[in-house]
Amino acid sequence: MVQKKNCECDTRYATLVESQVVAKEVEDFFKEQLEKGNFVDIEVKEPYFRFDSEQKHVEDFASKWYKCTICGCLWEYDKLDFDSDKRRGFVRKFPTGVYREWSYEDYRELVNPKS
């Protein structure tokens with residue numbers, strides 16, 4: 001008899017990480033999934049934010065990407081960093097496993113979810 005392995009991707013959602021409590025919970029989740037072999041740590045290949053002007057070019061990259069070995073979902077995690085100007089982190093989820101940059105609407109929805 002073959003036992004089907006289940007993942008927790010359907011029970012998790014994109015979220016802002018604005019406290020040490022949430023950051024620890026998120027990091028513990030990713031660590032547990034890595035230890036179980038459900039996730040693999042993959043190279044961050046694309047910036048989540050780009051800005052170009054005549055004066056400067058900015059690209060911001062997430063801290064980590066994880067890929068679910070069961071369903072193929074791609075997870076993007078940017079760590080909370082109180083020691084920098086970045087006062088919030090985030091977790092984004094790509095159920096199809098295909099990455100896309102943030103749009104302004106994505107960011108607005110994460111920061112101010114509709115009730």
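Above this note sits the structure.
Predicted model, so just to flag it, every value in this text is computed and none were measured.

Cut-off values and rules
Residues numbered from 1 in each chain as written. Predicted model: local features only at pLDDT ≥ 70, side-chain atom pairs only at ≥ 80, totals over all residues. Heavy atoms only, no water. Helix = DSSP H or I, 4+ residues; strand = E, 2+ residues; numbered from the N terminus. Buried < 20%, exposed > 50% of the residue type's maximum accessible area, 1.4 Å probe, protein only. Contact = heavy atoms within 4.5 Å. Areas by Shrake-Rupley, 256 points an atom, 1.4 Å probe, with all protein chains shown as cover. Pairing = 2+ DSSP bridges. Axes fitted to C-alpha atoms, helices over the stretch in contact; angles between N-to-C directions. Core = buried A, V, L, I, M, F, W, Y, C linked by side-chain atoms within 4.5 Å.

## Considerations on the overall build of the protein
- Across its full length, the protein holds two helices and seven strands.
- Taken over 115 residues, the protein has a buried fraction of 28%.
- Long-range contacts, defined here as pairs at least 24 residues apart, represent 50% of the contacts in the protein between residues at least 6 apart.
- Approximately 8,100 Å² of the protein is accessible, and the part contributed by carbon and sulfur atoms is 50%.

## Topic: the sheet that holds strand β2 (residues 39-42)
- Pairing is antiparallel across the open sheet formed by five strands, whose spatial order is β1-β7-β6-β5-β2. On the outer flanks of this sheet lie β1 (15-17) and β2, each paired with one strand and no other. The average undirected angle you get between the axes of adjacent strands in this sheet is 25°.
- Pairing between β1 and strand β7 (residues 89-94): three bridges, direction antiparallel. Across the sheet, residue T15 finds its bridge partner in β7, namely V91.
- Most of the contacts of helix α1 (residues 20-36) go to β2, to which it runs at about 105°, and overall it touches β1, β2, β5 (64-68), β6 (74-78) and β7.

## As for the nonpolar core
- In terms of nonpolar packing, the biggest core is built from 14 residues, with V17, F30, F39, W75, Y77 and V91 touching the most fellow members.
- Looking at this core, the elements with two or more residues in it are α1, β5 and β6.
- Examining the composition of this core, we find that four residues originate from one element, α1, more than from any other.
- With near-sequence residues (within four places) excluded, Y77 lies in contact with V17, A23, V26, E27, F30, A62, S63, K64, Y66, F90 and V91.

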